[in-house]
Amino acid sequence: MYRNKGCGEINEGDIGKEVALCGWVYRYRDHGGLIFTDLRDRTGIAQIVYSLEISEKVHALAHSLRAEFVIAIKGNVCRRPEGTENLDVKTGIVEVYASELKILNTSEPLPFMLENDAIVSDTLRFKYRYLDLRRPFMMNNLLLRHQTTKTIRDYLDALGFLEIETPMLTKSTPEGARDYLVPSRLNPGSFYALPQSPQLFKQILMCAGVDKYFQIVKCFRDEDLRADRQPEFTQVDMEMSFVGVDDVITVVEGILKTVYEGVLNVKVETPFERLTYKDAMERFGTDKPDMRFGLELKDMADIVAQSSFKVFLDVLKNGGRVKAICGKDMAALSRKDMDNLTEHAQSLGAKGLAWIKVKDGFESPIKKFFTDELLRQMAERLGAVQGDTMLFVADKEAVVHDVLGRLRLDIAKTNGIIGADDRFLWVVDFPLFEWNAADDRFEAMHHPFTSPTDEGIDLIQANKALADKDIATLTSKAYDIVLNGYEIGGGSIRIHQTTLQKKMLELLGISETDAEEKFGFLLDALKYGAPPHGGVALGLDRLVMLMAGSETIRDVIAFPKTQKASCLLSNAPSQVQDSQLKELHIKLR
RNA sequence: GGGGUGGUAGUUCAGUUUGGUUAGAACGCCGGCCUGUCACGCCGGAGGUCGCGGGUUCGAGCCCCGUCCACCCCGCCA
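Residues numbered from 1 in each chain as written. Chains lettered and ligands numbered in written order. Predicted model: local features only at pLDDT ≥ 70, side-chain atom pairs only at ≥ 80, totals over all residues. Heavy atoms only, no water.

### Overview of the environment of Val 268
- In this structure, Val 268 sits in the loop between helix H6 (245–264) and strand E11 (273–276).
- Judged by relative accessible area, Val 268 falls into the buried class, the value being 6%.
- In sequence terms Val 268 and Leu 256 are 12 residues apart; their C-alpha atoms lie 8.2 Å from each other.
- In contact with Val 268, other than residues within four places in its own chain, are Lys 257, Tyr 260, Glu 261 and Phe 424. (Helix = DSSP H or I, 4+ residues; strand = E, 2+ residues; numbered from the N terminus. Buried < 20%, exposed > 50% of the residue type's maximum accessible area, 1.4 Å probe, protein only. Contact = heavy atoms within 4.5 Å.)

If you want it as structure tokens, here you go:
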């Protein structure tokens, strides 16, 4: 027997007992006649004492211990002498007097220190991930992720969901992200694609009568990486039959509430707040607003229309928008600061950034175009008080929202006004289509199987040719779940009738042959009694990242990839032998 | 594809503005001392392809050109 307790599990109840512990030497403090080591395993840290009075032999051996040696000890648990307790450590009331010590393995000096707060470059962390993961906060992230998936599995199981696996070697889909391709040896010139999501298969499971499906599953998208995006990531994928939007939302709210309360012990109020896509864009300039602070975008058109500022007036005349946000405490910024901020806004696509400081009256290069009354009205609408700066963007609506939405985030971060509590939000009523100017056609905003709202269905099935502007106003039964400004999930009610699905594909400009080729198997399945169904997928990595209070999903993925999508631990991707390529009928260019 | 930040000892960084003797610090590492430490302490020591390649120069960590890697962002991510 190596051990009968975890290092972090010994406590006052063990005093007087002999325990056997195993683990890594986290730190050693050699006082000559008395040696202490902090012994670490997954459960925590225990202080081991090696004393000449217990065993000269053990004491001598302990002298040779170094960081990250793997050892097994036996010894008596004792209360620490009064005044030497360490209340920062869970086991800090007690210590173990080693009567036996076995060195199970030695360790070379480490490439970096394992302290929680040690700053280590990502390059080293990824190359020596097994060392990085030994750090308590990383081990905690693994634990947190496990507890989260376990809680979700249990919760969905209790609701009658079946966990079903879908293929990893599947078919390339025409829309969406770039696919990872896998060559088929048995079918020269043909390729599988790794799934971007199990979308079609889960809908087909509904056609099979599975009723409630879920899967915690890897998905793959060959796109550029970000702090919150990896090429392979994990979805909690779900699909349900005979449900509407509210049914799906209720399940997700139940999951998140249970996870937060069960894993983090944080109380969560349901139902979550909901915003329509339109309101989210109007008020926050984004479809994934961070609700932990205000600084909302305000429409200024009616006020600035009364001014003589030609820039604003021209924008309004051309159908553009003039909106503003309140830059808290930004009146103290210098002219140069404001120039930098303007440059920043321009880099985001704005033509410029107009500002009016509230500072013993108003101060601005454009002040002369506004009467005092108009300035007062604008400050009032924005809630701008002494010390604040009003920031204006005038442009096409999309630019105004994008620029102000980002500035809003920047300002909140700089001023530290982001609330401490996590804020869940549903964004609903997404547009059904999105205009793709580059390809000169409409695209599905969510995906081509998303159901329009009921009014939309009526319109589409009225069998009249729809004008582009009508198509653009159609909304869908799609929903996103947003947490602290991150999209942590999304889904929709699907189309379950062949006729409507065909209409949709038509509107998307996907030919019948193409549709048949790409996802004919779904269209077929809809013919044979497909039930109404809908679902959702949660981004597990992002959810756990936010639960862990981390800034990047790499911290909650055991073996993440770099920004160039390589694995520094295994050195993937790598070249392969010519013979392998030959078997796969592939010739490199 | 584009913009930005960084790369100097095992690690984290300073040194680059203004080119000039032997490239520093802290932590870690090695040796010694130490019986109540917990980031133990004290004494001593070792440790460098300044990412890589080229150029300018009497002389390059520092200037110029190229390139690689990591990170952040834009595009992209239904």
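### Some words on the sheet that holds strand E5 (residues 94–105)
- Strands sit in the order E1-E2-E3-E5-E4 around a closed barrel of 5 strands; the barrel is mixed. For this sheet, the mean angle separating the axes of adjacent strands, direction not counted, is 55 degrees.
- By the bridge criterion, 7 bridges tie strand E1 (residues 18–30) to strand E4 (residues 70–79) in an arrangement that is antiparallel. Of the residues in E4, the one forming a bridge with Trp 24 is Val 70. (Pairing = 2+ DSSP bridges. Axes fitted to C-alpha atoms, helices over the stretch in contact; angles between N-to-C directions.)

### Observations regarding the pairing of strand E10 (residues 232–241)
- Burial analysis of E10 places 9 of its 10 residues in the buried class, the great majority of the element.
- The pairing of strand E9 (residues 212–220) with E10 spans 9 bridges and is classified as antiparallel. Counterpart to Phe 220 in the pairing with E10 is Glu 232.
- As paired strands, E10 and strand E22 (residues 533–539) are joined by 7 bridges and run antiparallel to one another. From the neighbouring strand, Met 238 faces E22, where its bridge partner is Val 536.

### Overview of H6
- Over its 20 residues, H6 extends 28 Å from the first C-alpha to the last, a length consistent with the 28 Å expected when each residue adds 1.5 Å.
- When H6 is considered as a whole, its buried residues turn out to be Val 248, Ile 249, Val 251, Val 252, Glu 253, Gly 254, Ile 255, Leu 256, Val 259, Tyr 260 and Val 263.
- Remark: Asn 265 follows H6 within two positions and exhibits a positive phi of approximately 60 degrees. (Expected span 1.5 Å × (residues − 1).)

### Here's the deal with the domain arrangement of chain A
- Domain annotation for chain A reports domain 1 (7–105), domain 2 (139–276 + 424–557) and domain 3 (293–415).
- Centre-to-centre separation of domain 1 and domain 3, based on C-alpha positions: 62 Å. (Domains from an automatic or database assignment.)

### Here we look at the protein's contact with RNA strand B
- Near RNA strand B you find 51 residues, and of these Thr 84, Glu 95, Tyr 97, Met 445 and His 446 are the closest.
- Considering RNA strand B, the proportion of its atoms within 4 Å of the protein that are sugar or phosphate atoms stands at 53%.
- In this structure, a base oxygen belonging to RNA strand B sits 2.6 Å away from a side-chain N or O atom of Arg 29.
- Every element with two or more residues in the surface near RNA strand B is listed here: E1, strand E2 (34–41), E5 and helix H2 (122–127).
- Its residues assigned to classes, the surface near RNA strand B shows 17 nonpolar, 16 polar and 18 charged. (Near = heavy atom within 4 Å. Polar contact = N/O pair within 3.5 Å; in protein donor to acceptor, adjacent residues only side chain to side chain. Nonpolar A, V, L, I, M, F, W, Y, C, P; charged D, E, K, R; others polar.)

### Let's talk about the pattern of salt bridges
- Tallied over the entire structure, the rule returns 47 salt bridges.
- Where Glu 115 meets Arg 27, a salt bridge forms, and the shortest distance between an N and an O atom there is 2.4 Å. Of this pair, Glu 115 sits in the loop between E5 and H2 while Arg 27 sits in strand E1, and the two are 88 residues apart along the sequence.
- Residue class for Glu 115 comes out partly exposed when judged on its relative accessible area of 24%.
- For Arg 27, a relative accessible area of 34% translates into the label partly exposed.
- For Lys 171, the salt bridge goes to Glu 517, with nearest N and O atoms at 3.8 Å. Here Lys 171 is found in the loop between strand E6 (162–163) and strand E7 (181–183), whereas its partner Glu 517 is found in helix H16 (residues 512–527), with 346 residues between them in sequence. (Salt bridge = Lys/Arg side-chain N within 4 Å of Asp/Glu carboxyl O.)

### Topic: the pairing of strand E16 (residues 389–395)
- Burial analysis of E16 places 7 of its 7 residues in the buried class, which makes it a mostly covered element.
- Residues Thr 389, Leu 391, Val 393 and Asp 395 line one face of E16 and the alternating positions Met 390, Phe 392 and Ala 394 line the opposite face, and both faces are buried.
- Note: strand E13 (residues 321–327) against E16, 7 bridges, orientation antiparallel. From the neighbouring strand, Gly 327 faces E16, where its bridge partner is Thr 389.
- Looking at chain direction, strand E14 (residues 354–358) and E16 are connected through 4 bridges and run antiparallel. Along E16, the bridge assignment pairs Ile 356 with Met 390.

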